[in-house]
Amino acid sequence: MPPVNRREFLSSALAAKSYRVLPHWLSQIAPPLAQASHAPGGNQPTLERFVDPLPILERLEPIARSKNSSRYRMTMAECTHRFHSSLPPTRVWGYENRFPGPSIDVDQGHQVQIEWRNRLPLRHLFAVDPHIHGAMPPAPAVRTVPHVHGSNTDSASDGLPEMWFVPGESALYTYPNRQRGATLWYHDHALGITRLNVCAGLSGFYLIRDVQERRLELPDGPYEIPLMLQDRQISPSGELLYKPTHDDGLELPPGVWGPEFFGSFPVLNGAVYPYLEVEPRLYRFRLLNASNARFFQLYLNLAASPTDVPSYVPFQQIGSDGGLLSRPVTLTRLLLAPGERADLLIDFSATAGKTITLGNDAAAPYPGWGMGSLHAPPLLDLMQFRCAHSPSKVHTGPLSAPFAPIERLDPALATKHRDFVIIERMDEKGRSLGVRINGKDYSDPVTETVKLGSLETWRFINTTEDAHPMHLHLVQFQVLYRQGFNPEEHRKGNLVPVGSQRPPAEQEAGWKDTAVVLPGEMLTILVRFEGYTGQYVFHCHMLEHEDNDMMRPFIVER
Ligand code: C2O
Ligand code: CU
């Protein structure tokens, strides 16, 4: 029997299910509600929503500091963390014993050195699949290598997946922070077990601030809140679980790779379903999707229940992965894929005394294909904002000050074009065996060598049925356009574009280091390889995909 694709397999498997016509917004969320009993991790506790305050992440203090540089120590260790007040403490892996790790917060041009210390136990928190690249014996189960996502830094400090080190060892990395102010983040990147290490807790914020941002006098102090969005599975006894699923929702035995991991609880700054008391004034939220595989389609909702017709509260996006946009963009919904960040302004002054829910109606896997195929538990509401009646101090900034224009990269100056075809290999049941870029494994010889300072166009051609957030190390790039292509022709070896070339939406037209390519679509980005020579990687930021084997190296040379 020839391999079937997932859509054919699933539609035949699901043909018998009933089908109701629903309004668009509800059709995205209704099927998983109906299927909740089949959801993975069905033996997970029911947790009361909005009873715990949102944790405010602490900043890490340097252990040494001079005018132009600071040195930090970041220790990775097993520790306990309380995800919810009605759960017992959970065993996790933390940086500095925290989940998420403490934030690094520095000014542009201030050099940072971090001594990353692995003090984890010798046994992994989760079962390791020994068939995945880099995780095969005799590789030790517990290996770590930290990476600052979005950082323009030397290859030796970038945290290449194979540069892992074991418990008892450390690495000293240097980050020059010469780039624009931006919401970056750090997370583990060890070859073949990134999905497990990050799920266990190894991630945190890394903020760079610059003069341009200061001039805007954005909300700061208690009114500037980094917000890490994740999903997790937690057992009734408080155990953190890593149970990936197949595309049809089938759970995999422990220690077997699966194409997606979805948690049944939203975890924001380490808390399940938290709430935040806010004043009726302007706030800045720096959002990061640090989930393994879950996309979020976010909105602020005044409706009392997530199944009521939503009543949207608009907000403004002022920055993307690589820092501020050229002007604020007003939105009611925001798609945030794993790895992506969004810098937001939310004005609560019009909603004094009201309660707003941060809602999400992204399908999992995203974007989903039709009614019955959504298998993961829906996370319809993530957290609550409770707005007080009067502010302690009104914020009178910031939008009077102009944003600086963004340099537009000119595609006419690109000296090379590269195509990357994304293919998911399936078994005869339509289940994933892994995803590849141009049919290559990570360990295959380097095929992308770029010239330092040169501009290139890279095009990702997605033949799979999932969206993939594509991420490049070292650089911030610009999205040029997206376009469909004819899949039948592509199977015959011809790339036939379909439809027009769609430029990025305004909120995506700034600097990015991670961008989504939808199924049946091509994503073309413009990249200038600046700063350093040496080896780097690019990959899908769904960590299950990255680990098996949707990652490739590239080399920058003089
Ligand atoms: Cu956020 Cu290569 O990673
Ligand atoms: Cu992917």
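Everything discussed here concerns the structure shown above.
As the structure is a computational prediction, the values presented were derived from the model and not from experiment. (Residues numbered from 1 in each chain as written. Chains lettered and ligands numbered in written order. Predicted model: local features only at pLDDT ≥ 70, side-chain atom pairs only at ≥ 80, totals over all residues. Heavy atoms only, no water.)

**Looking at the packing of aromatic side chains**
Counted by the stated rule, this structure contains 27 aromatic pairs. Relative to Tyr186, the ring of Tyr95 lies with its centre 4.9 Å away and its plane at 80°, an arrangement referred to as edge-to-face. In this pair, Tyr95 is assigned in strand 4 (residues 90-95) and Tyr186 in strand 9 (residues 182-188), connecting sequence segments 91 residues apart. Residue classification places Tyr95 among the buried residues on the basis of a relative accessible area of 0%. With a centroid separation of 5.4 Å and 70° between ring planes, the pair formed by Phe285 and Phe385 is classed as edge-to-face. Placement of Phe285 in strand 16 (residues 282-289) and of Phe385 in strand 24 (residues 381-387) is noted, with a sequence separation of 100 residues between them. Of the two residues, Phe285 and Phe385, neither departs from the other in class, the shared state being buried. Counting every residue linked through ring pairs, the aromatic cluster contains Phe420, Trp458, Phe460, Phe529, Tyr536, Phe538 and Phe554. (Phe/Tyr/Trp six-rings, centres within 6.5 Å; stacked < 30°, edge-to-face > 60°. Helix = DSSP H or I, 4+ residues; strand = E, 2+ residues; numbered from the N terminus. Buried < 20%, exposed > 50% of the residue type's maximum accessible area, 1.4 Å probe, protein only.)

**As for the environment of Cys540**
Locating Cys540 in the fold gives a position in strand 34 (residues 534-540). Note: C-alpha distance between Cys540 and Val517 (23 residues apart in sequence) is 9.9 Å. Beyond its immediate chain neighbours, meaning those up to four positions away, Cys540 contacts His468, Pro469, Met470, His545, Glu546 and Met550. (Contact = heavy atoms within 4.5 Å.)

**Things to note about the side chain of Arg284**
As for its position among the elements, Arg284 is in strand 16. Judged by relative accessible area, Arg284 falls into the buried class, the value being 2%. Looking at Arg284, its side chain comes within polar contact range of the side chain of Glu213, at 2.9 Å. Looking at Arg284, its side chain comes within polar contact range of the side chain of Asp343, at 2.6 Å. Apart from the residues lying within four places of it in its own chain, the contact partners of Arg284 are Arg209, Glu213, Leu218, Pro219, Tyr223, Glu224, Ile225, Ile318, Asp343, Leu344 and Leu345. (Polar contact = N/O pair within 3.5 Å; in protein donor to acceptor, adjacent residues only side chain to side chain.)

**Regarding the nonpolar core**
With 49 residues, the main nonpolar core has Phe83, Ile104, Ile114, Trp116 and Tyr206 as its most contacted residues. Considering each element in turn, this core owes the most residues, four residues, to strand 3 (residues 69-81). If sequence neighbours within four positions are ignored, Phe83 has contacts with Thr90, Val92, Phe99, Ile234, Leu240, Val267, Gly270, Ala271 and Val272. Ranked by size, the runner-up nonpolar core spans 37 residues in total, among them Ala293, Tyr366, Met550 and Phe554. (Core = buried A, V, L, I, M, F, W, Y, C linked by side-chain atoms within 4.5 Å.)

**So, the coordination of the copper ion (ligand 2)**
Surrounding the copper ion (ligand 2) are the protein donor atoms His468 (ND1), Cys540 (SG) and His545 (ND1), at 2.1 Å. Considered as a linear motif, the donors of the copper ion (ligand 2) on their single chain read H-x71-C-x4-H. Of this pair, His468 sits in strand 29 (residues 468-472) while His545 is found in helix 7 (residues 543-547), placing the two residues 77 residues apart along the sequence. (Donors = N, O, S within 2.8 Å, 3.2 Å for Na, K, Ca; no water.)

**Looking at the pairing of strand 26 (residues 432-437)**
The side chains of a regular strand alternate between the sheet's two faces. Burial analysis of strand 26 places five of its six residues in the buried class, which makes it a mostly covered element. In this structure, strand 25 (residues 416-426) lies alongside strand 26, joined through five bridges in antiparallel fashion. Bridge pairing in strand 26 links Arg425 to Gly434. In this structure, the hairpin formed by strand 25 and strand 26 is closed by a connection of five residues, where Gly430 is found at a positive phi of approximately 80°. (Pairing = 2+ DSSP bridges.)

**Here we look at the sheet that holds strand 35 (residues 551-557)**
The five strands lie next to each other as 27-35-34-29-32, forming an open sheet whose pairing is mixed. Of all strands in the sheet, those bounded by a partner on one side alone are strand 27 (449-451) and strand 32 (514-517). Averaged over all adjacent pairs, the angle separating strand axes in this sheet is 25°, with direction ignored. With four bridges connecting them, strand 29 and strand 32 associate as antiparallel partners. Bridge pairing in strand 32 places His471 opposite Thr514. (Axes fitted to C-alpha atoms, helices over the stretch in contact; angles between N-to-C directions.)

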